[in-house]
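Survey of secondary and tertiary structure
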Protein chains: 2
Amino acid sequence: MKIGKGVEWAAHACTLLAALPDRWALSAEALASYHDVPAAYLAKQMQALSKAGLVVSARGANGGYRLARPATEISLWDITAAIEGTLFSFRCMNVRQNGPCGMAREDCVSPCGIAATFYRAEEAFRASLGEVSIADMLVSAAMQGTPDAARQIADWVAENATVSSPAAGD
Amino acid sequence: MKIGKGVEWAAHACTLLAALPDRWALSAEALASYHDVPAAYLAKQMQALSKAGLVVSARGANGGYRLARPATEISLWDITAAIEGTLFSFRCMNVRQNGPCGMAREDCVSPCGIAATFYRAEEAFRASLGEVSIADMLVSAAMQGTPDAARQIADWVAENATVSSPAAGD
């Protein structure tokens, strides 16, 4: 059982995006450089987040990624599901249908006790991740940091983010 | 994220062992044949269960596997841990130490919010599996079966199990 490191990277990337002011964005390259992770691999994770509707990307010189909705409304389960998919980790092979005493297929409509127990445990895992938002992660990171670190991050963001003009009517 | 099929096999094998009378045992080959799974691979899972103290194996003509303790005291988490190990699925790479604004290693004594959230979710997963015993699985299998199926299983067990003599003083 292993959660790919793309989940960790995506969670950190979203936490940084949560710190951006309105209309600011960061390119996949900038996000990769900030976290010192391979740009091509992080770009893949960002595309998965985008496909799942968690981030949006603007193209062009002022393009880049920003969160698609408030950081309070993006959970760590949302990010995990976007990167790893929503299939259960326990893949029931219906062993109960095998062998000399195997059950008939038509008698196996509901999952067996073993599969049902694993599905319930995975729901508990998902619910636990679902209770924690990217906003919580931003607060947690801020609490572990120092004022100097916060200034350093703010400087880096100011240098590397792109800022789009307000749309007409904004 | 994927749980190896060895966990499913081991859980089914333990459920069958839970149905055995005292002093009865089943060889790895018999367990594999009952579940129609590859004998060499199931033998590996049984060895892992044995190493974890969940089953014991007697050698010789009357040898075979039986549960090492009451089925009520072996949980699905015990089995999962024996087969998959107890490492967390989320392997924190300490991304927060990376890049131009990375934290100093000495400031990273406690896990970051992201890792802590995943560890908590995995504890919920483990706790959920830990609440369900092999005895529960036996009851669940019995409830999904029929009297005919129960007779068929009893016949198969009678033909394939080994029965050891009571030790002196028993």
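Residues numbered from 1 in each chain as written. Chains lettered and ligands numbered in written order. Predicted model: local features only at pLDDT ≥ 70, side-chain atom pairs only at ≥ 80, totals over all residues. Heavy atoms only, no water.

**Concerning the pattern of salt bridges**
All told, the structure shown has four salt bridges over all chains when counted by the stated rule. For R69 of chain A, the salt bridge goes to D78 of chain A, with nearest N and O atoms at 3.2 Å. (Salt bridge = Lys/Arg side-chain N within 4 Å of Asp/Glu carboxyl O.)

**A closer look at the relation of the copies chain B and chain A**
It takes a turn of 180° to lay chain B on chain A, together with a shift of 0.0 Å along the axis; the resulting RMSD is 0.0 Å. Classification of the inter-copy transformation places it as that of a two-fold axis. Residue F125 of chain B of chain B places its C-alpha closer to the rotation axis than any other residue of that unit, at 2.5 Å. Interface overlap between copies is the fraction of interface residues in one copy that are interface residues in the other; for chain B against chain A it reaches 100%, indicating a shared surface. (Least-squares fit on C-alpha atoms with pLDDT ≥ 70 in both. Contact = heavy atoms within 4.5 Å.)

**A few points about the side chain of Q45 of chain A**
Residues and elements named next belong to chain A. Structurally, Q45 is set in helix α3 (residues 39–51). Owing to a relative accessible area of 5%, Q45 belongs among the buried residues under this scheme. Within polar-contact distance, the side chain of Q45 engages the backbone oxygen of Y41 at 3.2 Å. (Helix = DSSP H or I, 4+ residues; strand = E, 2+ residues; numbered from the N terminus. Buried < 20%, exposed > 50% of the residue type's maximum accessible area, 1.4 Å probe, protein only. Polar contact = N/O pair within 3.5 Å; in protein donor to acceptor, adjacent residues only side chain to side chain.)

**Some points on the packing of helix α2 (residues 28–35) of chain B against helix α3 (residues 39–51) of chain B**
Axis angle and axis distance: for two packed helices, these are the angle between their axes and the distance between the axes, and together they describe the pair. Residues and elements named next belong to chain B. Taken N-terminus to C-terminus, the directions of α2 and α3 make an angle of 120°; their axes are 9 Å apart at the nearest point. If you check the angle between α2 and α3, you find them oblique. Once α2 is placed against α3, the crossing between them reads as right-handed. Residue-level contacts link A28, L31 and A32 of α2 to A39, L42, A43 and M46 of α3. Residues that form the contact of α2 with α3 fall into these classes: seven nonpolar, no polar and no charged. (Axes fitted to C-alpha atoms, helices over the stretch in contact; angles between N-to-C directions. Parallel < 35°, antiparallel > 145°, perpendicular 65-115°, else oblique. Left-handed = near helix turned anticlockwise from the far one by under 90°. Nonpolar A, V, L, I, M, F, W, Y, C, P; charged D, E, K, R; others polar.)

**Brief notes about the pairing of strand β3 (residues 64–67) of chain A**
Working note: regular strand, side chains alternate between the two faces of the sheet. All names here are of chain A. Sheet analysis places strand β2 (residues 55–58) next to β3, joined by four bridges and oriented antiparallel. When the sheet's bridge partners are listed, A58 is paired in β3 with G64. In this antiparallel pair of consecutive strands, β2 and β3, the connection spans five residues, and G60 shows a positive phi of 90°. (Pairing = 2+ DSSP bridges.)

**A word on the interface of chain B and chain A**
Residue-level contacts link 52 residues of chain B with 52 residues of chain A. For the pair chain B and chain A, the summed buried surface comes to about 4900 Å²; carbon and sulfur atoms form 67% of the total. At the junction of chain B with chain A, the criterion picks out zero salt bridges. In this assembly, chain B and chain A are joined by 16 residue pairs in polar contact (both at pLDDT 80 or more). Elements represented by at least two residues in the side of chain B that touches chain A include exactly α1 (5–18), α2, α4 (76–84), α5 (113–130), α6 (134–144) and α7 (147–160) of chain B. With 11 residues, the top contributor of residues to the side of chain B that touches chain A is α5 of chain B. (Buried area = accessible area lost by both parts, 1.4 Å probe.)

**Side note on the nonpolar core**
L49 and I79 of chain A together with L49, I79 and I134 of chain B are the most contacted members of the largest nonpolar core, which totals 101 residues. Here this core gets nine residues from one element, more than from any other, and that element is α1 of chain B. In contact with L49 of chain B, other than residues within four places in its own chain, are A10, C14, L54, V55, I79, A82 and I83 of chain B. (Core = buried A, V, L, I, M, F, W, Y, C linked by side-chain atoms within 4.5 Å.)

**What about the state of the cysteines?**
Scanning the entire structure with this criterion turns up zero disulfides over all chains. Counting only cysteine sulfurs, C112 of chain B is the nearest neighbor of C92 of chain B, a cysteine outside any disulfide, at a range of 5.2 Å. (Disulfide = S-S within 2.5 Å.)

**As for unusual backbone geometry**
Most peptide bonds adopt trans geometry, and most residues besides glycine take a negative phi value. Residues other than glycine seldom take positive phi values, yet D36 of chain A does so here, at roughly 50°. The topology assignment puts D36 of chain A in the loop between α2 (28–35) and α3. What makes D36 of chain A exposed here is its relative accessible area of 54%. At R23 of chain B, a position not held by glycine, the phi torsion is positive, near 75°.

**Some thoughts on the confidence of the model for chain A**
If pLDDT is low for a region, its predicted coordinates should not be looked at in detail. Looking at chain A as a whole, its pLDDT mean stands at 92, while 98% of the residues score no less than 70. Overall fold confidence (pTM) sits at 0.92, and the ipTM for the predicted complex is 0.93. (pLDDT = per-residue confidence, 0-100.)

**Thoughts on the packing of aromatic side chains**
By the definition in use, this model includes 10 aromatic pairs over all chains. Ring geometry for F90 of chain B and F118 of chain B: centres 4.3 Å apart, planes at 10°, overall stacked. With F90 of chain B in the loop between α4 and α5 and F118 of chain B in helix α5, the pair connects residues that are 28 residues apart, well separated along the chain. Following the ring pairs from residue to residue traces out a cluster consisting of F88, F90, F118 and Y119 of chain A. (Phe/Tyr/Trp six-rings, centres within 6.5 Å; stacked < 30°, edge-to-face > 60°.)

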